[in-house]
Amino acid sequence: METARLKYEQLLEKLRGFRRVVVAFSGGVDSTFLLKAAVEALGSEQVLAITADSETYPERERKEAIALAREIGSPHLVIETSELNIPGYAENPINRCYYCKQELFSHLIPIAQEQGYDHVVFGAIADDLGEHRPGLQAAIENGVRAPLQEVGLTKMEIRDLSRELGLRTWEKPSFACLSSRIPYGEMITQEKLTMVDRAESFLMDIGFRQVRVRQHDKMARIEVSPHEIEKLVRFSDMVVEKLKDIGYTYVCVDLQGYRSGSLNETLQAVQV
């Protein structure tokens, strides 16, 4: 923890140098921690959290982001965006996240400029450097900073520090946009996003914490934490009935359990 605390002090110092910041705020573990640090370093009057509400962002997450910004004491703005209207996005290429982040930053940067903020920052972390993250390129191209990544903070360190800071997100399950549930190369539609959102919301409502419903045409491949797979099988009748009602024809359990970015396992077989 001493190393993590040292990185946190470096983060505060870096943020102080940014003077006034807009924080791209999803309400997840990383962006919540970044917002808390920004408010501590600069004061709430120098910080603006902005949440982009779109087809790929569940309603439960929007409500959570509003509540978290209020708890932290940061000014907060919710804007409407639409990934499905971005040319090339719905075709779901392997650099889909690049399009998404370009769209996000194209909204946040003008707001920052108009309201006198010096920087736009977002919650990329050190762990992201070793993964398929095309959104990082969009940040570089737009001059958007990733201070958590710049000081080398990892997910585990952010969770530990969040707990010390009293943030209830310290144990919040990891989240990614709903489009990440659809295999690369398969068309993203509003219908698919709605099905995934309803299926995951149902599974969380009945007690599963870390959940992904990966959609393969009309088949739902459910990922939960390995220790919850047995529980999921016990609930199989209820789960199958509900997911078929949502619109799936087949429902299966991934025996490997939840893993971040599992659809990236197919990247070598997918063409942009």
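Let me sum up the structure you'll find in this document. Remember, it's a predicted structure, so these values are computed and weren't measured experimentally.

### Some thoughts on the overall build of the protein
Item 1. Broken down by element type, the protein carries 10 helices and seven strands.
Item 2. At 19 Å, the protein has a C-alpha radius of gyration in line with the 19 Å of a compact globule built from 272 residues.
Item 3. In terms of principal-axis extent, the alpha carbons of the protein reach across some 55 × 40 × 35 Å.
Item 4. Buried positions account for 50% of the 272 residues belonging to the protein.
Item 5. Pairs at least 24 residues apart make up 75% of the contacts formed inside the protein by residues separated by at least 6 positions.
Item 6. Counting 33 positive and 41 negative side-chain charges, the protein places the averaged centre of each group 2 Å from the other.

### Points about the packing of aromatic side chains
Item 1. Counted under the stated rule, the structure contains four aromatic pairs.
Item 2. Considering the side-chain rings of Tyr 98 and Tyr 99, the 6.2 Å spacing of their centres and the 80° angle between planes classify their relative orientation as edge-to-face.
Item 3. Ring centres of Phe 105 and Phe 122 lie 5.6 Å apart, and the angle between their planes is 75°; on these two criteria the pair is classed as edge-to-face. With a gap of 17 residues between them, Phe 105 in helix α4 (residues 96–114) and Phe 122 in the loop between β4 (119–121) and α5 (135–142) connect regions that are remote in the sequence.
Item 4. Among the residues examined, Phe 122 registers a relative accessible area of 8% and is labelled buried.

### Brief notes about helix α10 (residues 236–246)
Item 1. Of all the positions in α10, only Val 239, Leu 243 and Ile 246 are classed as buried. Looking straight down α10, one finds that the buried residues subtend no more than 50° of arc, so they occupy a single side. In α10, those exposed residues whose orientation departs by more than 90 degrees from the buried face are Asp 237, Glu 241 and Asp 245.
Item 2. Those residues of α10 that are buried are in contact with α8 (190–205), β6 (219–224), α9 (229–234) and β7 (250–253).
Item 3. One or two positions beyond α10, positive phi appears at Gly 247, with a value near 135°.

Each value, and the rule that gives it
Every chain begins its residue count from 1, and numbering advances along the sequence as written. Only residues with pLDDT of at least 70 get local features here, since the model is predicted, and only at 80 or more are side-chain atom pairs given and counted; chain-wide, interface and lining totals rely on the full set of residues. In computing side-chain values, all of the structure's heavy atoms are included and hydrogens and water are not. Comment: elements are numbered from the N terminus, with helices defined as DSSP H or I runs of at least four residues and strands as E runs of at least two. Every radius of gyration here is taken over C-alpha atoms, with the globule rule written as 2.2 Å times N^0.38, N being the number of residues. Think of it in three bands: with a 1.4 Å probe and only protein chains considered, a residue is buried below 20% of the maximum accessible area for its type, exposed above 50%, and partly exposed in between. Working rule for contacts: check all heavy atoms of both residues, and any pair within 4.5 Å makes them a contact. In this tally Asp and Glu are treated as negative and Lys and Arg as positive; neither His nor the chain ends contributes. The atoms used to mark charge sites are NZ of Lys, CZ of Arg, CG of Asp and CD of Glu. A pair of Phe, Tyr and Trp rings is counted when the ring centres sit within 6.5 Å of each other, with Trp represented by its six-membered ring. The angle between the planes then sorts it: under 30 degrees is stacked, over 60 is edge-to-face, the rest tilted. In this context, the arc is that of the directions from the helix axis out to the C-beta atoms.

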